[in-house]
Amino acid sequence: MFWRMVRGTLFRQKSKMLMIAFTVALGISLCTAMMNVMLGVGDKINQELKTYGANINVVPKDASLLDDLYGISEGVGVSDKFLNEEDVPKIKQIFWGFNIVDFAPFLNVKAQSDDLGQEINVMGTWFKKEFVLPTGEDVVAGISSMKNWWTVEGEWLQDSDSEGIMLGSLIAGRNGLKLGDKLSLSSAGGEKTFLVRGIIQAGGPEDEEVFMNLASAQAISGLEGKVSSIEVSALTTPDNDLARKASQNPKSLTPSEYDVWYCTAYVSSICYQIQEVVSDAVAKPIRQVAESEGTILNKTQLLMLLITILSSIGSALGISNLVTASVIERRQEIGLIKAIGGRDIRIVLLILTEILLTGLFGGVLGYFAGLAFTQIIGLTVFGSRIPLAPMVIPIDLVLLLAVILIGSIPSIRYLLRLKPTEVLHGR
């Protein structure tokens, strides 16, 4: 009899039940999309932010000490210690190597230009260096991808081009240099004439510098195999109390804390692992970048969570109105059931069963619609698909039950106050 009454209600009030299912579907679809985006948005946001530069700087220990004491970190004459170029690829082989998006070594040297009659700052680096790791992984690293917001007139320099250079826009403009011009540069390793392949506009100190491939800078400075610093762009997890404690002194961590910290992609953990593979180096997070990433990520996830909560509240209010209207419409039927001895608990169970079945139907539709919305958001905002999180399914089920129960409270209160004698007499 119970299930006959449930089936009869679902077919007799199908318009209201469809509206309840539609309301649930809307809420669950939005919750599914927001939670999938919230759980998968970390790497996407980090990848977007990584297009705006490095968040870790690796320098020799001596240069790091001078930076701490006097705010001076790079350049010839600052320290006679350099990093080894052969250690640079090892950065990609650390525990969190897959989180290293890009990196590039730099050799900062002073060179005299007789053509310009002045000493200028020369930066040797990788532009688009290709190499194979011992694991067999092909890697491409360099500033052409790490500094892709730079405006380049002409073309990016090739790492095999030992004759070309790129000029900062201020140097080029101040000295009337243009593409195809020649420029002589001399330093401790000798003198060489280069051809201007490109002019960069970076909006920073780079506009005052000359860029060439790393081997050429090492040759003219007599510093073969040496680099001044390494910039690293890595996907990181926002810092928490454990990460801040470890950044002060990793040795202060307990063994269990150390394992958690080391196996989590905190910026301090990645810096520590870089120091393990690069000889005599100190890896420091560029705090303004790293902290901004964490702040943006936390605020974005908070926004997604608020949207999920508000959509759930909206669904509960919609269900509340629809269920209450359904109960009011069926008040004589419910009054008759009470009059012939039906207990309140059985009637409440009947109403909840009807709403739950309807809600489950709407929830399934909403879940699959939410998956579609997730990919639309991913492709529209991030230009790639967002991985689906299996844990969203139990969260959706809990939200569905909560929304149905909360939305049914007003109708249940009305039902419990309903008096059979008044209803059956038309009052």
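Up top you'll find the structure we're talking about.
To keep things clear, this report deals only with the structure shown in the data block. None of the values given here were measured: they were computed from a predicted structure.

## A closer look at the overall build of the protein
Scanning the protein from N- to C-terminus turns up 14 helices and 14 strands. Out of the 427 residues belonging to the protein, those deemed buried represent 47%. A fraction of 75% describes how many contacts in the protein between residues 6 or more apart in sequence connect residues 24 or more apart. If you sum the accessible surface of the protein, you get close to 21,200 Å²; carbon and sulfur atoms cover 59% of it.

## Considering the nonpolar core
As a rule of thumb, soluble globular proteins bury nonpolar side chains together. Counting residues in hydrophobic clusters, the biggest one holds 48 residues, and the most contacted among them are Ile56, Val58, Phe103, Leu185, Val232, Ile270 and Ile274. The contact partners of Ile270, leaving out residues within four places of it in the chain, are Ile56, Ile94, Trp96, Ile100, Ala234, Leu235, Thr236 and Ala265. Counting 18 residues, the second-largest nonpolar core is a separate cluster that includes Val323, Ile355, Leu400 and Leu415.

## Quick word on the pattern of salt bridges
Across all of its chains, the model carries 8 salt bridges by this definition. Note that Lys147 and Glu231 form a salt bridge whose closest N and O atoms lie 2.9 Å from each other. With Lys147 in the loop between helix H4 (143-146) and strand E7 (151-154) and Glu231 in strand E13 (residues 229-234), this pair connects stretches of sequence that are 84 residues apart. Take Lys147: its relative accessible area is 7%, and that puts it in the buried class. A salt bridge links Arg174 to Glu208; the nearest nitrogen and oxygen atoms lie 2.8 Å apart. Taken as a pair, Arg174 in helix H5 (residues 169-175) and Glu208 in the loop between strand E10 (190-201) and strand E11 (209-213) lie far apart in primary sequence, 34 residues in all.

## Overview of the packing of helix H8 (residues 255-262) against helix H9 (residues 267-277)
Two quantities define a packed helix pair, namely the angle between the helix axes and the distance between the axes. At their nearest, the axes of H8 and H9 sit 9 Å apart, and the two run at 90° to each other. In terms of axis orientation, H8 runs roughly perpendicular to H9. Along its contact with H8, which presents Tyr258, Trp261 and Tyr262, the element H9 presents Ser268, Ser269, Tyr272, Gln273 and Glu276. Among the residues making up the contact of H8 with H9, the classes are represented as 4 nonpolar, 3 polar and 1 charged.

## Notes on the pairing of E11
Across the 5 residues that make up E11, a large majority, 5, are buried. The sheet contact formed by strand E4 (residues 118-125) and E11 spans 5 bridges and is parallel. Paired with Gly124 across the two strands is Met212, which belongs to E11. Where strand E8 (residues 164-168) and E11 come together, 2 bridges link them in antiparallel fashion.

## Remarks on unusual backbone geometry
Most peptide bonds take the trans configuration, and most residues that are not glycine carry a negative phi. Although it is not a glycine, Asp280 sits at a positive phi angle of roughly 50°. Within the secondary structure layout, Asp280 lies in the loop between H9 and strand E14 (281-285).

## Digging into the environment of Ala21
Relative to the elements of secondary structure, Ala21 occurs in helix H2 (residues 14-50). Spatially, the C-alpha atoms of Ala21 and Val364 are 9.7 Å apart, while their sequence positions differ by 343 residues. For Ala21, the residues in contact, after removing those within four places along its chain, are Thr358, Phe361 and Gly362.

Cut-offs applied
- Residues numbered from 1 in each chain as written.
- Predicted model: local features only at pLDDT ≥ 70, side-chain atom pairs only at ≥ 80, totals over all residues.
- Heavy atoms only, no water.
- Helix = DSSP H or I, 4+ residues; strand = E, 2+ residues; numbered from the N terminus.
- Buried < 20%, exposed > 50% of the residue type's maximum accessible area, 1.4 Å probe, protein only.
- Contact = heavy atoms within 4.5 Å.
- Areas by Shrake-Rupley, 256 points an atom, 1.4 Å probe, with all protein chains shown as cover.
- Core = buried A, V, L, I, M, F, W, Y, C linked by side-chain atoms within 4.5 Å.
- Salt bridge = Lys/Arg side-chain N within 4 Å of Asp/Glu carboxyl O.
- Axes fitted to C-alpha atoms, helices over the stretch in contact; angles between N-to-C directions.
- Parallel < 35°, antiparallel > 145°, perpendicular 65-115°, else oblique.
- Nonpolar A, V, L, I, M, F, W, Y, C, P; charged D, E, K, R; others polar.
- Pairing = 2+ DSSP bridges.

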